[in-house]
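Chain residues, written in single-letter form:
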Amino acid sequence: MTTPRKIIIDTDPGQDDAVAILLALASPEEIDLLGVVAVAGNVPLPLTEKNSRIICELAGRSDMPVFAGCDAPMKRKLVTAEHVHGKTGLDGPQLPEPTMQLQAQHGVDFIIETLRAEPAGTVTLVPIGPLTNIGVAFRRAPDIIERVQEVVLMGGAYFEVGNITPAAEFNIYVDPEAADIVFKSGAPITVMPLDVTHKALTSAKWISDVKALDTNVGHMVASWTDFFERFDTEKYGSQGAPLHDPCTIAYLIDPGLFQGRFINVEIETTSELTLGMTVADWWGVTDREPNAMFIGSVNDTGFFRLLTERLARL
Ligand code: RIB
Ligand code: CA
C-alpha cells in the first residue's frame, strides 16, 4: 500500500480541469489533495476561483481549501478561451452557486507556505492552467524549488503543434515568462502536452457509460464533455473531447499508462510568431541539458477505464 502523494492543483476551470479535480478527489489511496489554487486562464480569475469551489462542492468536498492566485500573467495581458469553454468556463450543465468560502490567503502564498512547511520532496505541484502562480512562487521564494517533489503539468505541444496559435498550446502561450521560469527552475518536471492529450479523446460510448452512472457527477461530466468537444471536433475534425488536464492526475495514479522521453524543453518568450512554443528536443539534436519528461503517448483504454471507475465513486 503506497502512501498517497500530497499535491496542490493549480487550475483554470475549464471543463477538463473539472474532470481532473474530480479524479483527484475520487482517488484518496493515491492522492492527498492539500488545496486547489485558481489562476486566470480559460476565463478570468473571479470565475476560475468560483468554478473551483463549485467542482469541490459537486464532489461533496466543501472542506477542500480553495484559493485565488494571480489574476493576470506575469508580464502580459490575459488571453482567455471562452470560445472553447463558454462564458462561465464551465458551460454545459446548469450549475448551482457555490456556498463554500474562498480562502482569504493568496494562492501563491499558500503554495510557498505549504512547500516550506511540508517535508522537502513530499509535495507535487499539478498546474493545469497557465503557469503564472508557479512562476511567481518560484521567483518570490526560490528556496521552495528544491523542496518540490515533482511538477506534473498540462501544457505545451510539439508534434501536435499549437491550439491557440500555430506554434503554441494555450497554457504556455498565456504566460510564457512563467513557463520559462518553471522549465529553467531545475525542479523535476513531467509534461502532458497536446501530443498525448489529443490521444485521450472521449467517445460517445464513454460518455454514455458516464451518463449510465446516473449520478450527479456523471451527468455533469457528460454534459461538460458534450459542450467541450465541439471546439475540437470543428477544429480538428476529431470525434471526442481531448481530456487534457485529467492526464496529469491519471499519471499520478497509474504512471504506467503513459510513455515519454526525458528531453530538453525550452520556451519561446520573444518571437511574436512563435511565442509560447515548447521547443522540445525530442530527437536529441542539440547538446542542451534534458530538463523534462515529455509525454507522447497514453493507453487510452486504460485511461478511460480508470476515469469511469473513479468517477463512479463520487
Ligand atoms: O490547451 C489545453 C489547456 O488549456 C487545458 O488545460 C485547458 O483547460 C486550457 O486551460
Ligand atoms: Ca486547464
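Anything mentioned here points back to the structure above.
Note that the structure is predicted; figures quoted are calculated from it, not measured.

The rules we used
- Residues numbered from 1 in each chain as written.
- Chains lettered and ligands numbered in written order.
- Predicted model: local features only at pLDDT ≥ 70, side-chain atom pairs only at ≥ 80, totals over all residues.
- Heavy atoms only, no water.
- Salt bridge = Lys/Arg side-chain N within 4 Å of Asp/Glu carboxyl O.
- Helix = DSSP H or I, 4+ residues; strand = E, 2+ residues; numbered from the N terminus.
- Buried < 20%, exposed > 50% of the residue type's maximum accessible area, 1.4 Å probe, protein only.
- Donors = N, O, S within 2.8 Å, 3.2 Å for Na, K, Ca; no water.
- Pairing = 2+ DSSP bridges.
- Contact = heavy atoms within 4.5 Å.
- Polar contact = N/O pair within 3.5 Å; in protein donor to acceptor, adjacent residues only side chain to side chain.
- Axes fitted to C-alpha atoms, helices over the stretch in contact; angles between N-to-C directions.
- Parallel < 35°, antiparallel > 145°, perpendicular 65-115°, else oblique.
- Left-handed = near helix turned anticlockwise from the far one by under 90°.
- Nonpolar A, V, L, I, M, F, W, Y, C, P; charged D, E, K, R; others polar.

**Some details on the pattern of salt bridges**
Taken as a whole and assessed by the stated rule, the structure comprises 14 salt bridges. For R116, the salt bridge goes to D143, with nearest N and O atoms at 2.7 Å. A residue pair is termed long-range when its members are at least 10 positions apart, and R116 in helix α4 (residues 107-117) and D143 in the loop between α5 (132-140) and β5 (148-154) qualify at 27 residues. Relative accessible area serves as the criterion here: at 45%, R116 is assigned to the partly exposed category. Residue D209 is joined to K205 by a salt bridge in which the shortest nitrogen-to-oxygen separation is 2.6 Å. Of this pair, D209 and K205 are both found in helix α9 (residues 204-212), four residues apart, which corresponds to roughly one turn of the helix. Owing to a relative accessible area of 29%, D209 belongs among the partly exposed residues under this scheme. Residue class for K205 comes out exposed when judged on its relative accessible area of 55%. Within the structure, one salt-bridge network assembled from shared partners comprises E29, E30, E309, R310 and R313.

**Side note on the coordination of the calcium ion (ligand 2)**
Ligation of the calcium ion (ligand 2) by protein atoms is provided by D12 (OD), D17 (OD), D17 (OD), I128 (O) and D245 (OD), these donors lying 2.2 to 2.6 Å from the ion. Under the relative-accessibility criterion, D245 is labelled buried at 2%.

**Observations concerning the pairing of strand β6 (residues 189-192)**
In β6, alternate side chains face the same way, and those of I189 and V191 on one face and T190 and M192 on the other are all buried. With four bridges joining them, β5 and β6 adopt parallel strand pairing. Among the inter-strand pairings, V152 is bridged to a residue of β6, identified as T190. As paired elements, β6 and strand β10 (residues 292-298) share two bridges and run parallel to each other. Looking at β10, one finds that T190 is bridged to M293.

**Comments concerning the environment of E97**
Along the polypeptide, E97 turns up in the loop between α3 (82-85) and α4. Exposure remark for E97: the relative accessible area of 57% places this residue in the exposed category. Taking the C-alpha atoms as reference points, E97 and R53, separated by 44 residues in sequence, lie 9.1 Å from one another. With sequence-adjacent residues up to four places away left out, E97 is seen in contact with K50 and E57. Here K50 takes part through its side chain, which lies 3.1 Å from a polar atom of the side chain of E97.

**Some words on the packing of α4 against α5**
Close contact between α4 and α5 brings their axes to 9 Å; oriented N to C, the two are set at 55°. As far as their axial angle goes, α5 and α4 are oblique. Between α4 and α5 lies a crossing of right-handed hand. In this structure, α4 uses V108, D109, I111 and I112 to contact α5, whose residues at the interface are N133, I134, V136, A137 and R140. In terms of residue class, the contact of α4 with α5 is made up of six nonpolar, one polar and two charged.

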